[in-house]
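Here are the chains, one letter per residue:
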Amino acid sequence: MKRRENTMAPSRDRSHEPTGPSSVSDFSSNSPLPATDCDVLIVGGGINGCGIARDLAGRGWRVVLCEKDDLASHTSSSSTKLIHGGLRYLEYYEFSLVRKALQEREVLLKSAPHIMWPLRFVMPHDPSMRPGWMIRIGLFMYDHLAKREVLPGSRSIDLRSHAAGVPLKPQFKRGFVYSDGWVDDARLVVLNAVDARTRGAEVFTRTRCVHAQRDADGWTATLEAADGGIRVVRARAVVNAAGPWAESFLRGVAQSAKGEALATRHLRLVKGSHIVVRRLFEHDHAYIFQNPDKRIIFAIPYQDEFTLIGTTDIELNGDDPGAARIADEEIAYLCTQASRYFEKPIVPADVVWTYSGVRPLLDDASGDPSAVTRDYMLESNTAAAPLLSVWGGKITTFRKLAEDAADEVGKMLGQPNAQRPAWTDGAFLAGGDLSGWIGAPKRPDDDFERFVAAVQARYPWLDARLARRLARAYGARVAELLGNAQSMADMGDAVAPELHEGELRFLQESEWAMSADDVLWRRSKLGLRYTAEERAQVAAWLQAHAKNNSNTINRER
């Protein structure tokens, strides 16, 4: 069960200094825009902020969200990309968290089958680690803590005859298989933002909240675009969903009405890094490996041609979370631990890409960063105008977190859940309703394959590989992208392999994409396959065709 508190304590000053790339915006640097009135201002465009914006907008609240960089620029695009209960959290007795996450798995898998799908995991048994009986008990609990409709249960396998044993060292003869899910984390954030916008929310990217003054009846916030343009927003309530910057937002940007405490919590910032190598195995299962330090790492099929390996847990002390990068020691660690299991050793020279993100975990005094709870807490402060701060959380539980946050905001604004009820359990995310293409849904993974076939039938001129990529990225929204196109020529010139002008315009106009990184590393992972020259071509096209992005999007609501 999540924790929710309403607390106050003496505050101390600390500057709020996250930095981000400059870009165009709809703000005029010559004259301030008229003030915007809303019910709720959300600070932070990661999965929690966008999920809360979607939920609140769907309940009829007037919502404005600001994000200092691109959507999912930091933590929310740097996960291990799993929708999972968190098998290892059972060892820390986090039964409530695991149950809540397990309950959410299938809700999420059904909501957007184009960006989330079931995945089977293989745990090779190393007798020097956890004994077999302990693993069996843990997997039994994992299978039964929450109801399963889509995902199969766990079982033992003989690695000497199973395909998953082929790339492993021969000493691993026995293993266990269980189910979880995969997610394109960055696109999950964008789809929440798209749905929020569809329901009336205004979303401003590359827009920093530089000042938020509280008074008895509301907040007056100053939003600054990358070009220096200013917008003033008057809000009845503020939701602090700034992730790694949530504490510093309260200590530097937000100003109290009458000296009341705003910051009462401390975050532990824990860096998690991943490496990507060329594909290490041919089958479609992922691996979970136990390490001598009692941690685990995953090796996961990634983007067809690669294997993703991670993660690490490195505590940050005083460093800018936006500047987190993988260290050579982390690369060596991941290579070494994976090589304990794979027959072919993995060395740093095999690494083709890395990424790092910072998890904003609520400080619970755990000595080991891996043991810090991944559960979330919502802290409401009603000493003056309502303030809700989001602490902690994991991507699997974002929908439930957003629902709980929207419930709490409604209470603080005098309209509880009964008047503005929850609605996202069972609702599709943007592009997730494939019924217009395939009829009634069955299993999410089978539904997607039927959808790909339907896309190819409707657009026979699409190359099969491109049709699958577009179906994965956009789901049912692929019809908005392709429109009345009758041939590849209607998609415009190819700016890079499998990337045409028509798709780039769609990303600019519908998904807040402004830079090459937005397109190649967050809206897609095409950057993995492109050469430096091809990436530069995409950057040059976007610069030459830069749009007044936020203004265009919000006018099209």
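Scroll up to find the structure this text is about.
Reading guide: rules and limits
- Residues numbered from 1 in each chain as written.
- Predicted model: local features only at pLDDT ≥ 70, side-chain atom pairs only at ≥ 80, totals over all residues.
- Heavy atoms only, no water.
- Helix = DSSP H or I, 4+ residues; strand = E, 2+ residues; numbered from the N terminus.
- Rg over C-alpha atoms; globule rule 2.2 N^0.38 Å.
- Buried < 20%, exposed > 50% of the residue type's maximum accessible area, 1.4 Å probe, protein only.
- Contact = heavy atoms within 4.5 Å.
- Lys, Arg positive; Asp, Glu negative; His and termini not counted.
- Charge placed at Lys NZ, Arg CZ, Asp CG, Glu CD.
- Pairing = 2+ DSSP bridges.
- Polar contact = N/O pair within 3.5 Å; in protein donor to acceptor, adjacent residues only side chain to side chain.

Peer 1: What exactly am I supposed to notice about the overall build of the chain here?
Peer 2: The helix and strand inventory of the chain stands at 15 helices and 22 strands. For the chain, whose C-alpha radius of gyration is 23 Å, the value lies close to the compact-globule estimate of 24 Å for 557 residues. On the principal axes, the C-alpha backbone points of the chain span a range of 70 × 60 × 45 Å. Taken over 557 residues, the chain has a buried fraction of 61%. A fraction of 75% describes how many contacts in the chain between residues 6 or more apart in sequence connect residues 24 or more apart. Side chains of the chain carry 71 positive and 72 negative charges; the gap between the two charge centres is 4 Å.

Peer 1: Help me out: how do you make sense of the pairing of strand β3 (residues 63-66) in this one?
Peer 2: Two faces, one strand: in a regular strand the side chains alternate between the faces of the sheet. Here β3 shows two buried faces, one formed by Val63 and Leu65 and the other by Val64 and Cys66. Note: strand β2 (residues 36-43) against β3, four bridges, orientation parallel. Residue pairing for β3: Val43 is matched across the bridge by Cys66. Judged from the three bridges that link them, β3 and strand β8 (residues 202-204) form a sheet pairing that is parallel. Pairing of Leu65 across the sheet is with Val203, part of β8.

Peer 1: Where do I start with the environment of Ala338 in this structure?
Peer 2: Residue position: Ala338 is located in helix α6 (residues 328-339). Once residues lying within four places of it in the same chain are set aside, the contact partners of Ala338 are Phe289, Ile297, Ile309 and Ile346.

Peer 1: Is there a simple way to explain the environment of Asp313 in this structure?
Peer 2: Looking at the element boundaries, Asp313 is found in the loop between β16 (306-310) and β17 (314-316). Residue classification places Asp313 among the buried positions, given a relative accessible area of 12%. For the pair Asp313 and Ala479, spaced 166 residues apart in sequence, the C-alpha separation works out to 41 Å. A distance of 2.7 Å separates polar atoms of two side chains, one belonging to Asp313 and the other to Arg295. Side-chain polar atoms of Asp313 contact the side chain of Arg359, separated by 2.5 Å.

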